[in-house]
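# Reading the structure
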Amino acid sequence: MAKVAIKPGTYLYPVPAVMVTCGPRVKPNIITLAWVGTVCSDPPMLSIAIRPSRYSNELIKQHGEFAVNLPTVDLVRVTDYCGSVSGRKVDKFAATGLTHVPAKAIETVVIGECPVNIECQVTQVLPLGAHDLFLGKVVAVQAAEALVNEAGNLDLSHAELFTYSGSRYLRLGHLLGTHGFSVKG
Ligand SMILES: Cc1cc2nc3c(=O)[nH]c(=O)nc-3n(C[C@H](O)[C@H](O)[C@H](O)COP(=O)(O)O)c2cc1C
């Protein structure tokens, strides 16, 4: 395979598109993020990278918590909207009609229409340059009953989630294998 050197950049594909809720329950905000990652299994932790200029960056630093809400394909338009306007000027819950529901373990809200809501407390904020990296310890997760199997495990294969790459929203969903299939007889 012939290769060429290209400009250094973060070319990970796919990355998730999520809606993060933050701020006080009386005036919560939503920000769409693609730069989100899994960083630790025990304690369960994830990361979100947010530019210092975003209103949500300010809110999360103030309140020390946020929730990651996984949107389904029918929510792609509102996901795009929440990543295109600022909560400094617009009440995004009112503008989109999304439902805010009190989180279980933190003092902000989660999005009722998203089938999975992951509540996090901030443990560290790392200023990296263009983005600040927030590390969040997962303190509660709510999942739609239809996505939880008999063993109590979350199965997102039929959740109709989507990903984001090169400014495009793309549907996920073709099973290619399961963990360990390459070494099983
Ligand atoms: C699909 C998508 C992904 C985005 N990912 C990020 C991200 O990872 N980090 C970030 O700082 N902004 C990201 N943005 C931009 C913010 O969502 C956008 O600037 C938003 O309007 C900020 O809202 P706020 O000012 O209410 O916090 C993304 C936008 C879209 C549409």
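In this report, the structure presented in the accompanying data block is examined. Small disclaimer: the values here were computed from a predicted structure and weren't measured.

What counts, and at which threshold
Residues numbered from 1 in each chain as written. Predicted model: local features only at pLDDT ≥ 70, side-chain atom pairs only at ≥ 80, totals over all residues. Heavy atoms only, no water. Helix = DSSP H or I, 4+ residues; strand = E, 2+ residues; numbered from the N terminus. Phe/Tyr/Trp six-rings, centres within 6.5 Å; stacked < 30°, edge-to-face > 60°. Near = heavy atom within 4 Å. Polar contact = N/O pair within 3.5 Å; in protein donor to acceptor, adjacent residues only side chain to side chain. Areas by Shrake-Rupley, 256 points an atom, 1.4 Å probe, with all protein chains shown as cover. Nonpolar A, V, L, I, M, F, W, Y, C, P; charged D, E, K, R; others polar. Buried < 20%, exposed > 50% of the residue type's maximum accessible area, 1.4 Å probe, protein only. Contact = heavy atoms within 4.5 Å. Pairing = 2+ DSSP bridges. Axes fitted to C-alpha atoms, helices over the stretch in contact; angles between N-to-C directions.

Note the cis peptide between Y13 and P14, where omega equals -5 degrees. Among the secondary structure elements, P14 is positioned in the segment before β1 (15–16). Residue D42 is joined to P43 through a cis peptide bond whose omega torsion reads 0 degrees. Relative to the helices and strands, P43 resides in the loop between β4 (36–41) and β5 (44–50). Of note in this structure, E160 is not a glycine but carries a positive phi near 60 degrees. Residue placement: E160 occurs in the loop between β10 (132–143) and β11 (162–165). The backbone of S167 shows a phi angle near 70 degrees, a positive value even though the residue is not glycine. Here S167 shows up in the loop between β11 and β12 (168–171).

Across all of its chains, the model carries 2 aromatic pairs by this definition. Judged by centre distance (5.9 Å) and plane angle (80 degrees), the ring pair of F162 and Y169 falls under edge-to-face. One aromatic cluster in this structure is built from F162, Y164 and Y169.

With that out of the way, let us pick up the site of the ligand. Taken together, 22 residues lie near the ligand, and T32, S56, V85, S86 and G87 sit nearest. In the environment of the ligand, an oxygen atom lies 2.6 Å from a nitrogen or oxygen atom belonging to the side chain of S56. Relative to its unbound accessible area of 650 Å², the ligand is 90% covered by the protein chains. The leading source of residues in the shell around the ligand is strand β3 (residues 29–33), at 4 residues. Looking at the shell around the ligand residue by residue, the classes come out as 11 nonpolar, 8 polar and 3 charged.

Within the fold, H100 resides in strand β7 (residues 100–102). Residue H100 is classed as partly exposed on the basis of its relative accessible area of 42%. Spatially, the C-alpha atom of H100 lies 22 Å from that of V148, the residues being 48 residues apart in sequence. Excluding its chain neighbours within four sequence positions, the residues that come into contact with H100 are P28, F93, V109 and V110.

Strand pairing within a sheet occurs via backbone hydrogen bonds; the two strands may be parallel or antiparallel. Taking strand neighbours across the sheet as the criterion, the 7 strands line up as β3-β2-β6-β9-β10-β5-β4 in an open arrangement whose pairing is antiparallel. The open sheet terminates on both sides in strands that have one partner only, identified here as β3 and β4. Ignoring which end each strand starts from, the neighbouring axes of this sheet average 35 degrees apart. The pairing of β5 with β10 spans 6 bridges and is classified as antiparallel. Residue pairing for β10: L46 is matched across the bridge by G136.

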